[in-house]
Amino acid sequence: MYGNWLYKSIYQRSPNPQISNPIFDSSLVLEHDYDNTATLGATKILSSSLVNEVKLGYNRFIAEITGPDTNADTAQLLGIPNVSGALLPGGLPLSVGGPSKNVLENFTFKDDFTWVKNKHSFKFGYDLLHERQDQWSLGSPSGTFSFDGAAGLAGSGTTTIPNTGGISLASFELGSVTSYSASIPTASWLPRDNIQSVYFQDDWKILPNLTLNIGTRWVMESPWHTKYGQFAVFSPTASDNVVSGDMGATVHPGGNMNNREWQRPEPRAGLAWHPMNKLVVRTGFALMHIDLGLAPSELGEYSISAADNQPSGNPTPLFQLSHGPPAPLAFPALQGNGYLPYVGCSTGTLNGVTFPTCGSRSSVYINPQIHDPYSMTWTFALQYQLFKNTLVELSYDGSASVGDIETPNENVLPMNFDAGNTAALTAVNGNGQVYRPWVNFGTITYMGNISHSTYHSGTVHVQKRLAHGLLYDSFFTYSKSLDGSGVGVTDIASDLYKGPSAWDRRFHYAGNFSYNIPIGKGQRFMNKGGVLDAIFGGYNLVWQYDTYSGNPVTPGYTNSPNNGPPSVIGGIGGRPNLIGNPAMAPDWQNLGNDRFNQVGLGVNSSVCCLSDFAYPAAFTFGNEGKGVLYVQRTIGASFSLRKEFVLKEKMRLQIRLDYQNPFKWYTLGNPGTTVDLKNVVAGAPLTGVSAESPGNAFGKFTAGNEATSVADGGVPMMNGTIKFTF
């Protein structure tokens, strides 16, 4: 048997000597983290070929934030009546911070068996993971004040008043409150999750030089749920309890947020084959699910709020801060299981008909069929001993992630809505809320399995073990990564959001070597001691080199003379039309001596491709896809030369020279990627520098955009070191 327990407690604060009353000292807002981890296990040898191992695990992490103003009656201390003393009110020139607590707990149980039978080594067992979270905060029970802007005190456009601390402090001192609001959460977030799995695996040594590994795991995860069933989701088929007669509502059904999924096998296979003395073949495949984990926080309508405002058109203050509100804010009564339906709808007009709209109302629609995404990985590798101490490996790796979860806005019109009808689209552009599929909501976030990603790479790896004073290790990888992350709406054309991943790098080479230069005593050349050996002998040279191609970016545009599509029409806005094949200029790095001066760079001021873009027509989306432009490569290089003198048996002297980026291979940040077809010289070709006005930053590097790390193409650096050890 074995067991262990680990406890950690961490907190930190920086006292503020300018605050005399600790109640108002924000540095006393502390986050205290507690972490408990315990494990208990036992191993039982049931027979000479059968072993059982059982393990229990527990982890409890607590992040607790406390503040000195909690229940300290700070409003009364400041002379503000009829305000809750739970916290310091918001909107004042001084803020502290409210308390909160987040508790995460994991319970694990594992029961594993290993059974060796002839040429087989079987493994099978059961896993259980139970997760739970308890999260709460106090909200804003003491409310927030808004004050008169005091513009008349200092004149139009002035943002500060000398010797007063600014307009905010002057507004506070005047005490003219224009609005007052407060809110209190009515539920804590208490999600729960159980993940159970059973597995079977067989390592089968078919032949002395051939091993096959096969197995499968079956996983079942509980649906998203909470301890007391308190959560809010959107239902498109429910009758609205806020706007009578409308369909679509935020509901609180309790139970589960999605359906349980039972059938989820995870097959895996691997093979290792040694067909000849110097060659090894390895290949494998695996399918794994990505656990959904604890449910995302969905506490919409689990809060009560109240506000006090002057009626529209009344310019007088609501009250003076020193007098406080005429009476404490009255919070509305809760309904059902601790929730309160949305309050704050307005009206809209379409074709002469006026009806309620709720543009500030939001909700989340969780597809009941949402399930764990899964990923597949596959690999194939050939390892060959080229020379006695040199290994060459050719490998291919691929992966795909299927059913990744995205969260677009569902409450939008289709991309082709009234396409080409300028008059109709103009009307939508100025009155979009009344055209939404659900006018009684603004944003309805859809959550479902709608994204996909793939990765492929081929690598050549050469490695030499230390022999004759030389070792080296290098690899070259060609890869491609595509994903669909960042989709804005559910029905958008896939070719506009499926594209190169933000981290996609097509080419990557890394290599390093260490070489004991064969000069000096005991070496191949100048094998003698004395002065010549002290000067020229016994040096070790290390060289490191790393280079990779740039990442893809997606240019946007500005200064278009055309109106864009209405925001209530679903699509990816802000992208220009692509009319060419944008690419960095072949000599982009030849920027001259003044490489950060946008005006004086001569013929190389722009490193990219303005002529490959155009503005979209009025009320249309640009056709540019994702990641169409790859920015410049990165190079990191350094070398080190060192020599060690043995003065006595336990006394050594080392001299060393390090040089980072010795060949001044500069790495810059991304050039400007905002297409600006307005700031150009009339009549000049867009491909020429003369076409670009100084204010046009597209394709140009700006000051402060260079690498800051010398290891990745920054300013060259040389270091000399003398080290004495005894």
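Heads up: the structure comes first, above all this text.
Residues numbered from 1 in each chain as written. Predicted model: local features only at pLDDT ≥ 70, side-chain atom pairs only at ≥ 80, totals over all residues. Heavy atoms only, no water.

Comments concerning the overall build of the chain
Here is step 1: When helices and strands are counted, the chain shows five helices and 35 strands.
Here is step 2: In terms of principal-axis extent, the alpha carbons of the chain reach across some 100 × 80 × 65 Å.
Here is step 3: Taken across its 726 residues, the chain has 38% of its residues classed as buried.
Here is step 4: Long-range pairs, those at least 24 residues apart, make up 74% of the contacts in the chain between residues at least 6 apart in sequence.
Here is step 5: Taken as a whole, the chain presents about 38000 Å² of accessible surface, with 56% of it coming from carbon and sulfur.
Here is step 6: In the chain, which carries 46 positive and 53 negative side-chain charges, the distance between the mean positions of the two groups comes to 16 Å. (Helix = DSSP H or I, 4+ residues; strand = E, 2+ residues; numbered from the N terminus. Buried < 20%, exposed > 50% of the residue type's maximum accessible area, 1.4 Å probe, protein only. Contact = heavy atoms within 4.5 Å. Areas by Shrake-Rupley, 256 points an atom, 1.4 Å probe, with all protein chains shown as cover. Lys, Arg positive; Asp, Glu negative; His and termini not counted. Charge placed at Lys NZ, Arg CZ, Asp CG, Glu CD.)

Brief notes about the pairing of strand β18 (residues 353-357)
Here is step 1: Looking at chain direction, strand β17 (residues 346-350) and β18 are connected through five bridges and run antiparallel. From the neighbouring strand, Leu 350 faces β18, where its bridge partner is Val 353.
Here is step 2: Where β17 folds back onto β18 in an antiparallel hairpin, the turn is made up of two residues, including Asn 351, whose phi is positive at roughly 55°. (Pairing = 2+ DSSP bridges.)

Things to note about the side chain of Ser 514
Here is step 1: The residue Ser 514 is located in strand β25 (residues 507-516) in this model.
Here is step 2: In this structure Ser 514 comes out as buried when scored by relative accessible area, which is 18%.
Here is step 3: There is a polar contact of 3.2 Å between the side chain of Ser 514 and the side chain of Asn 540.
Here is step 4: Dropping the residues within four chain positions of it, Ser 514 is found in contact with Gly 469, Leu 470, Leu 471, Asn 540, Leu 541 and Val 542. (Polar contact = N/O pair within 3.5 Å; in protein donor to acceptor, adjacent residues only side chain to side chain.)

Let's talk about the packing of aromatic side chains
Here is step 1: Counting across every chain of the model gives 28 aromatic pairs.
Here is step 2: Seen from their ring centres, Tyr 58 and Phe 107 are 4.9 Å apart, and the 45° between their planes marks the pair as tilted. Taken together, the positions of Tyr 58 in strand β3 (residues 50-66) and Phe 107 in strand β4 (residues 100-117) put the pair 49 residues apart, joining distant regions of the chain.
Here is step 3: Classification of Phe 107 as partly exposed rests on a relative accessible area of 29%.
Here is step 4: Relative to Trp 665, the ring of Tyr 545 lies with its centre 5.7 Å away and its plane at 80°, an arrangement referred to as edge-to-face. Of this pair, Tyr 545 sits in strand β26 (residues 539-548) while Trp 665 sits in the loop between β33 (651-660) and β34 (674-676), and the two are 120 residues apart along the sequence.
Here is step 5: Given a relative accessible area of 23%, Tyr 545 falls into the partly exposed group.
Here is step 6: Ring pairs connect the aromatic residues Phe 234, Tyr 365, Trp 438, Phe 441 and Tyr 446, which therefore count as one cluster.
Here is step 7: The cationic tip of Arg 361 hangs over the ring face of Phe 441; the distance from NZ or CZ to the ring centre is 3.9 Å. (Phe/Tyr/Trp six-rings, centres within 6.5 Å; stacked < 30°, edge-to-face > 60°. Lys NZ or Arg CZ within 6 Å of the ring centre and 35° of its normal.)

Comments concerning the state of the cysteines
Here is step 1: For the structure shown, the criterion picks out two disulfides.
Here is step 2: Here Cys 345 connects covalently by a disulfide to Cys 358, the sulfurs 2.0 Å from one another. Taking the torsion about the sulfur-sulfur bond, which here is approximately 95°, the covalent link between Cys 345 and Cys 358 counts as right-handed. Taken together, the residues Cys 345 in the loop between β16 (319-320) and β17 and Cys 358 in the loop between β18 and β19 (363-366) connect sequence positions 13 residues apart.
Here is step 3: Overall, Cys 345 belongs to the partly exposed group, its relative accessible area being 31%.
Here is step 4: Shown here is the disulfide that connects Cys 608 with Cys 609, its sulfur atoms set 1.8 Å apart.
Here is step 5: On the accessibility criterion, Cys 609 (9% relative accessible area) is buried.
Here is step 6: Cysteines bonded in the chain are numbered consecutively along the chain; their disulfide partners then correspond to 1-2, 3-4. (Disulfide = S-S within 2.5 Å.)

Quick word on the nonpolar core
Here is step 1: Counting residues in hydrophobic clusters, the biggest one holds 17 residues, and the most contacted among them are Phe 145 and Leu 321.
Here is step 2: When contributions to this core are tallied by element, the ones reaching two or more residues are β6 (140-147) and β7 (176-185).
Here is step 3: Broken down by element, this core gets its largest block of residues, three residues, from β7.
Here is step 4: Sequence-distant contacts of Phe 145, defined by excluding residues within four places in its chain, comprise Ile 80, Val 83, Pro 89, Gly 90, Gly 91, Leu 92, Val 177, Ser 179, Tyr 180, Phe 319 and Leu 321. (Core = buried A, V, L, I, M, F, W, Y, C linked by side-chain atoms within 4.5 Å.)

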